[in-house]
Amino acid sequence: MIEAEVTQMLYTAFLRGINVGGHRKIKMADLRSHLENRGCTRVKTYIQSGNIVFEADENTMTGKRLENLLLEHYGFEVSIVLLPSQELKQILISFPFGENHPDTAGNKTVFTFIDSAKGSSAEEINKLKEFASSSEKLVYSKQGYWLHCPEGYGKTKLSNALIEKKLGKSATTRNLRTLKAMVLMTEET
């Protein structure tokens, strides 16, 4: 019998809607342990909002498989954006606001990942632009949308919930600081 070759790939996963307001709680230490027990290696997490870097078999790891692993362990569904870590690096490389961008702290610029199974399209941005204030900049990317909100993400109408409602797709949003930290974690792994 010929065994299939196992090829490990470095992934980045963003869990949507965990540890918010005391609901759908997942402790990061427990999450790391659970993934390691299920065959993932070099598992690292960043802050409590469900940002994970890990290695897994590229032939069997999918966002749906990861969602099922969490459902079986925690008893609730978690929407997940899973992408090869190299794709996250490409998202940062394609940063549309230039190197002299005023958001040096990275907390007023966010990236909203759209459910990769349904994808995003440049036409969708027109559905969203009407909700942007005059000071906000919204830019389409293949994996989602960049948004610079000078007044802060808490004040924009372009919240994750609104984007999901208008597009009919699952989404999760992370600020630029978190994305940079995640890329750094992939380089350290």
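Our subject in this report is the structure included herewith. Treat the numbers as computed from the prediction; the structure is a model and nothing was measured.

### A look at the overall build of the protein chain
Then, in step 1: Looking only at helices and strands, the protein chain features six helices and eight strands.
Then, in step 2: Helices and strands appear in the protein chain in the N-to-C order β-α-β-β-α-β-α-β-α-β-β-α-β-α.
Then, in step 3: Scaling as 2.2 N^0.38, a compact globule of 189 residues should have a C-alpha radius of gyration of about 16 Å, and the protein chain matches this with 17 Å.
Then, in step 4: Residues classed as buried in the protein chain amount to 47% of the 189 residues present.
Then, in step 5: In the protein chain, 69% of the contacts between residues at least 6 apart in sequence involve partners at least 24 apart.

### Regarding unusual backbone geometry
Then, in step 1: Phi is positive for Arg24, close to 45 degrees, though the residue is something other than glycine.
Then, in step 2: Positionally, Arg24 belongs in the loop between strand 1 (8-15) and helix 1 (28-37).
Then, in step 3: Here the phi dihedral of Ile47 falls at roughly 45 degrees; this positive angle occurs in a residue that is not glycine.
Then, in step 4: Structurally, Ile47 is set in the loop between strand 2 (41-46) and strand 3 (51-57).

### Some remarks on the pattern of salt bridges
Then, in step 1: Taken as a whole and judged by the stated rule, the model has five salt bridges.
Then, in step 2: Between Glu67 and Lys64 there is a salt bridge, with its nearest N and O atoms 3.7 Å apart. Of this pair, Glu67 and Lys64 both sit in helix 2 (residues 63-74), three residues apart, roughly one helical turn.

### Structural notes on the packing of helix 3 (residues 85-93) against helix 6 (residues 176-188)
Then, in step 1: The N-to-C vectors of helix 3 and helix 6 enclose an angle of 135 degrees; their axes lie 10 Å apart at closest approach. Here helix 3 lies oblique to helix 6, going by the angle between them. Crossing handedness for the pair helix 3 and helix 6: left-handed. Across the interface between the two elements, Ser85, Leu88, Lys89 and Leu92 of helix 3 pack against Leu176, Leu179, Lys180, Met182, Val183, Thr186 and Glu187 of helix 6.
Then, in step 2: Its residues assigned to classes, the contact of helix 3 with helix 6 comprises six nonpolar, two polar and three charged.

### Section: the pairing of strand 4 (residues 80-84)
Here is the key point about a regular strand: its side chains alternate between the two faces of the sheet.
Then, in step 1: By the criterion of burial, strand 4 is predominantly enclosed, with four of the five residues buried.
Then, in step 2: When strand 1 meets strand 4, the two strands line up antiparallel, connected through five bridges. Opposite Leu15, over in strand 4, you have Ile80 as the bridge partner.

### Considering the packing of aromatic side chains
Then, in step 1: Within this structure, the stated rule accounts for eight aromatic pairs.
Then, in step 2: The interplanar angle of 35 degrees and the centroid separation of 6.1 Å between the aromatic rings of Tyr74 and Phe76 together place this pair among those described as tilted. The pair Tyr74 / Phe76 is uniform in exposure class, with both members buried.
Then, in step 3: Members of the aromatic cluster, connected to one another through ring pairs, are Phe14, Phe95, Phe97, Phe111, Phe113 and Trp146.

### A closer look at the side chain of Arg174
Then, in step 1: With respect to the secondary-structure elements, Arg174 resides in strand 8 (residues 171-175).
Then, in step 2: Buried and unpaired, Arg174 has no salt bridge, with Glu164 as the nearest side chain of opposite charge at 9.8 Å.
Then, in step 3: A distance of 2.5 Å separates the side chain of Arg174 from the side chain of Asn51, its partner in a polar contact.
Then, in step 4: A distance of 2.6 Å separates the side chain of Arg174 from the side chain of Thr172, its partner in a polar contact.
Then, in step 5: Beyond its immediate stretch of four places on either side in the chain, Arg174 contacts Phe14, Leu15, Ser49, Gly50, Asn51, Val110, Phe111 and Leu179.

### Structural notes on helix 2
Residues lying three or four places apart along an α-helix face the same way, a consequence of the helix completing one turn every 3.6 residues.
Then, in step 1: Taking 1.5 Å of rise per residue, the twelve residues of helix 2 would be expected to cover 16 Å, and the 16 Å separating its terminal C-alpha atoms lies within 8% of that figure.
Then, in step 2: Leu66, Glu67, Leu69, Leu70 and Tyr74 are the residues of helix 2 that are buried. Angularly, the buried residues of helix 2 cover 160 degrees about the axis, an arc narrow enough to put them on a single face.
Then, in step 3: In the stretch just after helix 2, Gly75 is the one whose phi turns positive, near 85 degrees.

Reading the values: rules and limits
- Residues numbered from 1 in each chain as written.
- Predicted model: local features only at pLDDT ≥ 70, side-chain atom pairs only at ≥ 80, totals over all residues.
- Heavy atoms only, no water.
- Helix = DSSP H or I, 4+ residues; strand = E, 2+ residues; numbered from the N terminus.
- Rg over C-alpha atoms; globule rule 2.2 N^0.38 Å.
- Buried < 20%, exposed > 50% of the residue type's maximum accessible area, 1.4 Å probe, protein only.
- Contact = heavy atoms within 4.5 Å.
- Salt bridge = Lys/Arg side-chain N within 4 Å of Asp/Glu carboxyl O.
- Axes fitted to C-alpha atoms, helices over the stretch in contact; angles between N-to-C directions.
- Parallel < 35°, antiparallel > 145°, perpendicular 65-115°, else oblique.
- Left-handed = near helix turned anticlockwise from the far one by under 90°.
- Nonpolar A, V, L, I, M, F, W, Y, C, P; charged D, E, K, R; others polar.
- Pairing = 2+ DSSP bridges.
- Phe/Tyr/Trp six-rings, centres within 6.5 Å; stacked < 30°, edge-to-face > 60°.
- Lys, Arg positive; Asp, Glu negative; His and termini not counted.
- Polar contact = N/O pair within 3.5 Å; in protein donor to acceptor, adjacent residues only side chain to side chain.
- Expected span 1.5 Å × (residues − 1).
- Arc of directions from axis to C-beta.

No statement about biological role is implied by the geometric values presented.
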